[in-house]
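# Summary of the model geometry
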Number of protein chains: 2
Amino acid sequence: MWGCVMAEAGKEAKAGSGPRQSQADRRARSRGALLEAAARGLSKYGYANLALAQVASEAGYTRGALYHLFANKEELALAVVRWVEETWQAEVGQLGADETEPVEALLAIARRHAVFCRQEVARVMLVLRVEFAEREDHPVGRALTEAVGRVTVECADLIAAGRASGSIPAGPPPTETAQAYLATLEALGIELAGRAPFDVELTERATRGVLGLPPATATATGAATATEESAVAAVGDLLQP
Amino acid sequence: MWGCVMAEAGKEAKAGSGPRQSQADRRARSRGALLEAAARGLSKYGYANLALAQVASEAGYTRGALYHLFANKEELALAVVRWVEETWQAEVGQLGADETEPVEALLAIARRHAVFCRQEVARVMLVLRVEFAEREDHPVGRALTEAVGRVTVECADLIAAGRASGSIPAGPPPTETAQAYLATLEALGIELAGRAPFDVELTERATRGVLGLPPATATATGAATATEESAVAAVGDLLQP
DNA sequence: AAGGTAACATACAGGCATGTATGTATGTGG
DNA sequence: CCACATACATACATGCCTGTATGTTACCTT
């Protein structure tokens, strides 16, 4: 939902479409441009190193606009976190409910996540999580741990269901396995971002390993990724660097 | 070599052993205590959020001592990076040369790395790498990319050798596979730190997956980890939190 | 034991970024 | 068309942290 707003919110959108525009439009455009610039800045420099003057500048504004749209630096970061979380949930996490088989859901999430990470904004969550992992006193840290906690529970449930149905072999407790699954996803997504098509391939390999599944046969892998690739191609177009 | 110095360099070491101590001893102790405090601080707060006053305070000194032992904040961080890298190489990476079989070397490295990560200082590399990944203009960023690059080459060579000998199945290029292998190690080490024994178990699972190996049989895993555990137990004692 | 030097502690100066207060232009409603 | 609110820009105040300069204590040499 936010994606479309963000996608068209660029530098030229400010003075481009016409001299007459409603206040709500101006506000939405400005907010979107600033959010996107903040997301890029956060993924590049992290929270502490992020200078709000540069964020506003890259969005085509000054700090005045930023402090008019967001209460402070913290609120800006929280808004970015919420936006990325919603986008991820809509583009990737949703598959957890769609697929009927838990194993297929977990593998589909893994593949889509790898594609999702081809956008540079995917780094935001990792960067902030690393920066605030040991600092849960900070509101941003709390928001992140809560967000990750929700996803972890979903994946743990999928793992437990898969084990109950026999499609996933036994192993460490579901929570720890889910944490390992998500950590692997995150790390590989970042590390191999843009190195298509190996990002998807290696992500699936690692995922299968964590879940205790044997390596996929060449034909099965090819078919699965091929069908996923086409369905997933549009994800990368939401935010083109 | 540095490890022993660091291990005995605590707050009480300053005034404990006796009023008479050589200048070199004082310098080494102070440097060690400051390095350890800096490593803890970096892993908790990152580089930008690290206040040198707090580092010095936690080590039992003031900023004056710190600036006497290290030229500036940057040099301090670089010293921490070098120290962690040397420690890792001695305790974990060395296995790459010891083991004769490439596969066994890679799996041994993975297991030992999981144990290595039970120390909180292991987070330092990840934290700094995330903070400086997109900023190679910074000397700390360069030092990190160089350090990671060296390890990546070693692992890529091991993977290539294993594939040549047939013990590792074919897959993505050795460099990308090595990157995925190391990223997985790093992420799981951090995420599962302290969750023994699942950290080792899940790390080995993910590693086998990345390399394209089938899941280890229960007996093989137990035996391997059992022998490793005993040989590796001492590693965690180098720096007890 | 006394001068000298190294190991620190304390005090001072400067920069950079956040947050706020004020000013200006553009849309909005009667 | 005019009062008003909203969207922004500019200017100011504040705080924290780095880096340096100076002072004090402990050790080393002869």
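Residues numbered from 1 in each chain as written. Chains lettered and ligands numbered in written order. Predicted model: local features only at pLDDT ≥ 70, side-chain atom pairs only at ≥ 80, totals over all residues. Heavy atoms only, no water.

## Digging into the overall build of chain A
So the rule is basically this: Secondary structure elements are defined from DSSP: runs of H or I of at least 4 residues count as helices, runs of E of at least 2 residues count as strands, and each element is numbered from the N terminus. The buried label applies to any residue whose accessible area, calculated with a 1.4 Å probe on protein chains only, is under 20% of its type's maximum; exposed applies above 50%, and partly exposed to all values in between. Contacts: residue pairs with any heavy atoms within 4.5 Å of one another. Note that accessible areas follow from Shrake-Rupley with a 1.4 Å probe, and for residues the cover is restricted to the protein chains shown.
Helices and strands together make up the secondary structure of chain A, namely 13 helices and 0 strands. In chain A, the succession of α and β elements from N to C terminus is α-α-α-α-α-α-α-α-α-α-α-α-α. In chain A, which comprises 241 residues, the proportion classed as buried is 51%. Considering only residue pairs separated by 6 or more positions, chain A has 65% of its internal contacts joining residues 24 or more positions apart. For chain A, the exposed surface amounts to about 10,500 Å²; the carbon and sulfur share of it is 54%.

## Focus: the side chain of A:Glu131
The condition that has to hold: Positive charge is attributed to Lys and Arg, negative charge to Asp and Glu, and no charge count is given to His or to the chain ends. For this document, the term salt bridge refers to a Lys or Arg side-chain nitrogen within 4 Å of an Asp or Glu carboxyl oxygen.
Within the fold, A:Glu131 resides in helix α9 (residues 123-132). Despite being buried, A:Glu131 has no salt bridge partner; A:Arg135 is the closest side chain of opposite charge, sitting 6.0 Å away. Once you skip the residues sitting within four places of it in the chain, A:Glu131 turns out to touch A:Gly46, A:Tyr47, A:Ala48, B:Lys44 and B:Asn49.

## Things to note about helix α12 (residues 198-211) of chain A
Residue and element names in this part refer to chain A. Note the threshold: Given the number of residues in a helix, its expected span is that number minus one, multiplied by 1.5 Å.
For α12, built from 14 residues, the straight-helix expectation of 20 Å at 1.5 Å per residue is met to within 8% by its first-to-last C-alpha distance of 20 Å. Most of α12 is tucked away, with 12 of its 14 residues classed as buried. Those residues of α12 not exposed but buried are Asp 199, Val 200, Leu 202, Thr 203, Glu 204, Arg 205, Ala 206, Thr 207, Arg 208, Gly 209, Val 210 and Leu 211. Positive phi shows up at Gly 212, right after α12, with a value of about 85°.

## Let's talk about the pattern of salt bridges
Where side chains of opposite charge bring their charged atoms close, a pairing between them can arise. On inspection of all chains with the given rule, the structure shows 22 salt bridges over all chains. One salt bridge connects B:Arg40 with B:Glu36, and the closest N-O pair in it is separated by 2.7 Å. Here B:Arg40 pairs with B:Glu36, and both are found in helix α3 (residues 23-45), just 4 residues apart, close to one helical turn. Each of the two residues, B:Arg40 as well as B:Glu36, counts as buried. Here B:Arg111 makes a salt bridge to B:Glu204, at a shortest N to O gap of 3.3 Å. Note that B:Arg111 is positioned in helix α8 (residues 102-116) and B:Glu204 in helix α12 (residues 198-211), a separation of 93 residues in sequence. Accessibility assignment for this pair places B:Arg111 and B:Glu204 in one class, buried. In the salt-bridge network here, residues are joined through shared partners; they are A:Glu36, A:Arg40 and A:Glu120.

## Looking at the protein's contact with DNA strand C
Rules: One heavy atom within 4 Å of a molecule or strand is enough for the residue carrying it to be called near that molecule or strand. Polar contacts, as used here, are pairs of N or O atoms within 3.5 Å; protein pairs need one atom able to donate a hydrogen and one able to accept it. Residues neighboring in sequence count only if both atoms are side-chain atoms. Each residue gets one label: Ala, Val, Leu, Ile, Met, Phe, Trp, Tyr, Cys and Pro are nonpolar, Asp, Glu, Lys and Arg are charged, and the others, such as Gly, are polar.
Near DNA strand C there are 22 residues, and of these A:Arg63, A:Tyr67, B:Arg27, B:Ser30 and B:Thr62 occur at the shortest range. Near the protein, within 4 Å, the atoms of DNA strand C are sugar or phosphate in 73% of cases. Separating a sugar or linking oxygen of DNA strand C from a side-chain N or O atom of B:Arg26 is a distance of 3.1 Å. Mapped by element, the contributors of at least two residues to the surface near DNA strand C are α3 (23-45) and α5 (63-69) of chain A together with α3 and α5 (63-69) of chain B. At 4 residues, α3(B) tops the list of elements feeding residues into the surface near DNA strand C. Its residues assigned to classes, the surface near DNA strand C shows 7 nonpolar, 9 polar and 6 charged.

## Focus on the relation of the copies chain B and chain A
Definition in use: We superpose the copies by least squares over the C-alpha atoms of residues that have a pLDDT of at least 70 in both of them.
Rotating chain B by 180° about the axis while translating it 0.1 Å along that axis superimposes it on chain A, leaving an RMSD of 0.1 Å. Taken together, the turn and the small shift mark the pair as related by a two-fold rotation axis. The position closest to the rotation axis in chain B is occupied by the C-alpha of B:Gly209, lying 1.9 Å away. Comparing interface residues between copies, 100% of those in chain B also lie at the interface in chain A; the contact surface is shared.

## Concerning the interface of chain B and chain A
Bring the parts together and some accessible area is lost; that lost area is often taken as the interface size. Convention followed: Summed over both partners, buried area is the accessible surface (1.4 Å probe) that two parts give up on being assembled.
Counting from both sides, the interface comprises 42 residues of chain B and, opposite them, 42 residues of chain A. Of the roughly 3,400 Å² buried between chain B and chain A, counting both surfaces, carbon and sulfur atoms make up 63%. Looking only at chain B, the three residues that lose the most surface to chain A are B:Val130, B:Glu191 and B:Arg205, adding up to 17% of its buried area. At the boundary of chain B and chain A, one finds 6 salt bridges. One salt bridge connects B:Arg195 with A:Glu176, and the closest N-O pair in it is separated by 3.3 Å. Taken together, the connections running from chain B to chain A amount to 11 residue pairs in polar contact (both at pLDDT 80 or more). Of all the secondary-structure elements, those providing two or more residues to the side of chain B that touches chain A are α3, α9 (123-132), α11 (174-191) and α12 of chain B. Top element by residues in the side of chain B that touches chain A is α11(B). It accounts for 9 residues. Grouping the amino acids of the side of chain B that touches chain A by side-chain chemistry returns 22 nonpolar, 8 polar and 12 charged.

Any link to function would need more than the numbers given here.
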